[in-house]
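Listed here are the chains, written in short residue letters.
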Amino acid sequence: MCRLVAYLGSPIYLQDLVCAPQHSLLRQALRAEEAKTVTNGDGFGVGWYGEGDEPGVYREVMPAWSDENLHALCATVRSRLFFAHVRAATTGGIARHNCHPFRHGRWLFMHNGQIGGYARVRRQLEAQLPDSLYAARRGATDSELLFLLAMARIDTGEPPEEAMQSVLAATLALMRVQGVDDPLRFAAALSDGEQVFAFRFASDELPPTLYVGECEQGSIVASEPLDSAPDHWRSVPANGWVRMAANGTTLHA
């Protein structure tokens, strides 16, 4: 299972969360504590919002801990909103275009989990994409497909949190029609550059872990707590979601 971190607040260096904490994302890439897969070495990525109209993205296929460019980038880039992700591949090969976060216009998305029986429902899910978003698909992961399906709904005016939950419901319904018994598991973050939506969902009793945390500069969503202070972190309830914005963080069960 992958590990992820999202931050929203006053500008900080990416290294303050990606590299520096006691249980940083780089540490989780080597030794995750709350995942089936201890090592997440099938690529990584960071995405950040700066002065441009669209976020910057840096993704690579090598393990995060062995990329000197990642360390240099995180030490020099400051951002008020950024994503970071380390991958343990479930669907799609180990390739740069399968690494998270995914970008579409001003939107960023990253995901931990999988669509059970993906090969049996992939064709029907892809058929739901409008032509423009089908052409925007670069990789082969279920994660990118879920992102673009949500974007299709957002483009019609559906609120982001409703769009993502509608995609999950429709995907689960299709899995059931196809007789897929494997679970749909989903912990993810989605942002338009102004706010962050994070989701924790599963069709069984084992949703991927997801926590909300606070630091002096802002708010954090992470697969695992970045430090050992229990009062810094709250677990997102199963099938719940979070909205982080400039006016604070709200948790919806």
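Model, not experiment: these values are computed from the prediction.

K.L.:
For the packing of aromatic side chains, give the residues involved together with the corresponding values.
P.N.:
Scanning all chains against the criterion turns up 6 aromatic pairs. In this structure an aromatic cluster arises from ring pairing among Phe109, Phe147, Phe186 and Phe199. In this structure, Arg78 is placed above the aromatic ring of Tyr13, and the distance from its NZ or CZ to the ring centre is 5.5 Å.

K.L.:
Residue-level account of the side chain of Asp192, with values.
P.N.:
Tracing the backbone shows Asp192 in the loop between strand 7 (184–191) and strand 8 (196–202). Within the buried set, Asp192 has no salt-bridge partner at all; the shortest N-O distance to an opposite charge, 6.6 Å, is to Arg106. Looking at Asp192, its side chain comes within polar contact range of the main-chain nitrogen of Glu194, at 2.9 Å. Sequence-distant contacts of Asp192, defined by excluding residues within four places in its chain, comprise Tyr49, Arg106 and Trp107.

K.L.:
Explain the nonpolar core residue by residue, including any values.
P.N.:
Phe109, Ile115, Phe147, Met164 and Phe186 are the most contacted members of the largest nonpolar core, which has 34 residues in total. The set of elements that each furnish at least two residues to this core consists of strand 6 (107–115), helix 4 (118–126), helix 6 (142–155), helix 7 (160–177), strand 7 and strand 8. The element contributing the most residues to this core is helix 6, with 9 residues. Apart from residues no more than four positions distant in its own chain, Phe186 is found in contact with Phe109, His111, Asn112, Leu146, Met164, Leu168, Phe199, Arg200, Phe201 and Pro208. Formed by 25 residues, the second largest nonpolar core is a distinct cluster that contains Leu14, Val18, Ala29 and Trp48.

Basis of the calculations
- Throughout, residues of each chain are indexed from 1 in the direction in which the sequence is written.
- Reporting in this predicted model follows two pLDDT cut-offs: at least 70 for local features of residues, and 80 or more for side-chain atom pairs to be given and counted; totals over whole chains, interfaces and linings ignore these cut-offs and use all residues.
- Think of the side-chain values as coming from all heavy atoms in the structure, minus any hydrogens and water.
- Ring geometry is summarised as follows: Phe, Tyr and Trp rings, the Trp one being its six-membered ring, pair when their centres sit within 6.5 Å, and such pairs are stacked at plane angles under 30 degrees, edge-to-face over 60 and tilted between the two.
- For a ring to carry a charge above it, either NZ of a lysine or CZ of an arginine must fall within 6 Å of the ring centroid while also lying within 35 degrees of the normal to the ring plane.
- A run of H or I in DSSP counts as a helix once it spans at least four residues, and a run of E counts as a strand once it spans at least two, with each numbered from the N terminus.
- Exposure classes here rest on a 1.4 Å probe applied to the protein chains alone. A residue is buried below 20% of its type maximum, exposed above 50%, and partly exposed in between.
- His is not counted, nor are the chain ends, whereas Lys and Arg count as positive and Asp and Glu as negative.
- A pair is scored as a salt bridge if a Lys or Arg side-chain nitrogen falls within 4 Å of a carboxyl oxygen belonging to Asp or Glu.
- Throughout this description, a polar contact denotes any pair of N or O atoms lying within 3.5 Å of each other; where both atoms belong to protein, one of them has to be capable of donating a hydrogen while the other can accept it, and for residues adjacent in sequence the pair is counted only when both atoms sit in side chains.
- We call two residues in contact whenever any of their non-hydrogen atoms come within 4.5 Å of each other.
- To qualify as a nonpolar core, a set must consist of buried Ala, Val, Leu, Ile, Met, Phe, Trp, Tyr and Cys residues joined through side-chain atoms within 4.5 Å.

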